[in-house]
Amino acid sequence: HWTFLFNSINGISSTEKPWDVELAQQFLSQLTYDPEKNCYLVDMNGKPVGYVLVSPELPIGRAVASGGVSNQYQNMGIGRILLAAALKRAKELGVSILHIQIQSEISAGRHLLESSGFHCVRSFYDMMWQGKHIHVPDPPYGIAVRTFVISQDEEKLAQLQNAAFTSNWGFCPNTAEQIASKLNLKTYNPEGIILVTDGD
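Analysis parameters
Residues numbered from 1 in each chain as written. Predicted model: local features only at pLDDT ≥ 70, side-chain atom pairs only at ≥ 80, totals over all residues. Heavy atoms only, no water. Salt bridge = Lys/Arg side-chain N within 4 Å of Asp/Glu carboxyl O. Helix = DSSP H or I, 4+ residues; strand = E, 2+ residues; numbered from the N terminus. Buried < 20%, exposed > 50% of the residue type's maximum accessible area, 1.4 Å probe, protein only. Pairing = 2+ DSSP bridges. Axes fitted to C-alpha atoms, helices over the stretch in contact; angles between N-to-C directions. Contact = heavy atoms within 4.5 Å.

As enumerated under the stated definition, the model contains nine salt bridges in all. As a salt-bridge pair, E22 and K186 come within 3.1 Å of each other at their nearest N and O atoms. Here the residue E22 occupies a position in helix α2 (residues 21-28), and K186 occupies one in the loop between α7 (176-183) and β6 (194-198), the gap between them amounting to 164 residues. Accessibility expressed as a relative area gives 43% for E22, which makes it partly exposed. Judged by its relative accessible area of 42%, K186 is partly exposed. Connected through shared salt-bridge partners, D20, E22 and K186 make up one network.

With respect to topology, four strands assemble into an open sheet ordered β1-β2-β3-β4, the strand pairing being mixed. A single partner strand is all that each edge strand has here, and the edge strands are β1 (39-44) and β4 (97-100). Direction aside, the axes of adjacent strands within the sheet are offset by 20° on average. Looking at chain direction, β1 and strand β2 (residues 47-57) are connected through six bridges and run antiparallel. By the bridge assignment, M44 is partnered in β2 with K47. The sheet strands contacting helix α1 (residues 2-9) are β1, β2 and β3 (62-69), and the helix crosses β2 at an angle near 90°.

Shown next, in the form of structure tokens:
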């Protein structure tokens, strides 16, 4: 049910890359989620029509919710039911901030949040490289470039990310275990993580 909803709500059901059940299970099995406590689904006559997933980020006193309602079931109060579930879960978690991610083109979701007292605090953009050539300079003396090695670099990557992003908006410190769980997703390729090294 969750996989069907995820694909439908995110508009990827009819694309070349809809999620399958295996990927959904891997995603929800990450340490961040604990879906049996943090994921809520709404059924109508046995048919799944909406969900909300609450991701606790307790080290920074925040939770992040995502989800939505299938197009044909919008404007029926289902979004408000899911929002109430997310707010209740955030209160149970004891966090002081609940951020909710929605796609900017979903006007019903934006209206629901704004009418419930939420306001936009951040916008994100997907960017895609469309050029044909990029100049790659030689690294400085002593500097090397290599790809991530599973079961070797998780702690190093956690330390690097935490050092680089701790002061950035909304960043929750990572652990090596969280990175390892994300790398278990079949869509993640460790060769896509590039490390720059100076000596060891």
